[in-house]
Amino acid sequence: MSDDKRITVQRTIDAPTTAVFDVLSNPQRHADLDGSGFVISDDRSDRITGTGQKFRMNMSGDHMGGDYQTDNHVTGYDENKLLAWQTAPAGVEPPGWEWVWELEANGPDATDVTLVYDWSHVTDPAILQKVSFPLVSQAQLEDSLANLAESVSG
């Protein structure tokens, strides 16, 4: 599902919420999950344990002229239920787009996962002119959920 400033995808993953959250809260695993192909690796990041944290990722994409880094500012954290962060070029305050992962137990061995890519808070005209939102498609987000399912089962 999507609207003009947000894309939401959902999937049931055959793993308990603790296993899913363990993968999502470890930035070292994010390159394995990324369906867009932009995430290369983390940059010595610690496990996500609460809001206010930052983790840095090594990225690559034509939209940024090749290799670059992002700082991801954790905006939502509820263990085994929610992880959210706003992304920005390294060293810059987030301009308003956010990734939100919501987890809900579906019995003891399955988790309903919702992934939201939200750029509704981007208001800077220069960014809106430079960045053609959405940078990541619904299909790529669905690929991220498939990658997550594979990561927790494998």
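Structural notes, computed from the coordinates.

Rules and cut-offs
Residues numbered from 1 in each chain as written. Predicted model: local features only at pLDDT ≥ 70, side-chain atom pairs only at ≥ 80, totals over all residues. Heavy atoms only, no water. Buried < 20%, exposed > 50% of the residue type's maximum accessible area, 1.4 Å probe, protein only. Helix = DSSP H or I, 4+ residues; strand = E, 2+ residues; numbered from the N terminus. Pairing = 2+ DSSP bridges. Salt bridge = Lys/Arg side-chain N within 4 Å of Asp/Glu carboxyl O. Polar contact = N/O pair within 3.5 Å; in protein donor to acceptor, adjacent residues only side chain to side chain. Contact = heavy atoms within 4.5 Å. Phe/Tyr/Trp six-rings, centres within 6.5 Å; stacked < 30°, edge-to-face > 60°. 1 Å grid on protein atoms, 1.4 Å probe; cavity = no way out; pocket = protein on both sides within 12 Å on 5 of 7 lines; lining within 4 Å. Points joined across faces, edges and corners; volume = space filled by probe spheres on them. Nonpolar A, V, L, I, M, F, W, Y, C, P; charged D, E, K, R; others polar.

As for the pairing of strand β8 (residues 111–118)
Move 1: In terms of burial, β8 is a largely internal element, seven of the eight residues being buried.
Move 2: Strand direction decides the pairing type here: strand β2 (residues 6–13) and β8, joined by eight bridges, are antiparallel. When the bridges of β8 are listed, Gln-10 appears paired with Thr-114.
Move 3: Pairing geometry for strand β7 (residues 98–105) and β8, over eight bridges, is antiparallel. In the sheet register, Glu-104 faces β8, and the bridge partner there is Asp-112.
Move 4: Counted between consecutive antiparallel strands, the loop separating β7 from β8 contains five residues, among which Gly-107 sits at a positive phi close to 85°.

Brief notes about the pattern of salt bridges
Move 1: Across all of its chains, the model carries five salt bridges by this definition.
Move 2: A salt bridge links Asp-43 to Arg-44; its shortest N-O distance comes to 3.3 Å.
Move 3: For Asp-43, a relative accessible area of 19% puts it in the buried group.
Move 4: Of the residues examined, Arg-44 reaches a relative accessible area of 72% and is grouped as exposed.

Topic: the side chain of Asp-34
Move 1: Position of Asp-34 relative to the elements: it lies in the loop between α2 (30–33) and β3 (39–42).
Move 2: There is a polar contact of 2.9 Å between the side chain of Asp-34 and the backbone nitrogen of Gly-37.
Move 3: One polar contact links the side chain of Asp-34 to the main-chain amide nitrogen of Val-39, over a distance of 2.8 Å.
Move 4: In this structure Asp-34 touches Val-39, Ser-144 and Asn-147, once residues within four positions along its chain are discounted.

Concerning the packing of aromatic side chains
Move 1: Counted under the stated rule, the structure contains six aromatic pairs.
Move 2: Between Phe-21 and Tyr-77, the aromatic rings sit 5.5 Å apart at their centres with planes inclined by 70°, giving edge-to-face as the arrangement. Linking Phe-21 in helix α1 (residues 17–24) with Tyr-77 in strand β5 (residues 66–78), this pair joins segments that are 56 residues apart in sequence.
Move 3: When its relative accessible area of 4% is taken as the criterion, Phe-21 is described as buried.
Move 4: Tyr-77 sits in the partly exposed class, given a relative accessible area of 23%.
Move 5: Ring geometry for Trp-119 versus Phe-133: centroids 5.9 Å apart, planes at 5°, classification stacked. Note that Trp-119 is positioned in the loop between β8 and α3 (125–130) and Phe-133 in the loop between α3 and α4 (138–153), a separation of 14 residues in sequence.
Move 6: Aromatic ring contacts, followed pair by pair, group Trp-97, Trp-99, Tyr-117, Trp-119 and Phe-133 into a single cluster.

Focus on the layout of surface pockets
Move 1: Reported here for the largest pocket is a volume of approximately 590 Å³.
Move 2: Per-element tally for the lining of the largest pocket: the top contributor is strand β6 (residues 82–89), with four residues.
Move 3: Looking at the lining of the largest pocket residue by residue, the class counts come to 23 nonpolar, nine polar and two charged.

Comments concerning the pairing of β5
Move 1: Where strand β4 (residues 54–61) and β5 come together, eight bridges link them in antiparallel fashion. Opposite Met-57, over in β5, you have Thr-70 as the bridge partner.
Move 2: Hairpin remark: β4 followed by β5, antiparallel, with four residues in the connecting loop; positive phi at Gly-65, about 75°.

Purely spatial values, then, with no claim about function.
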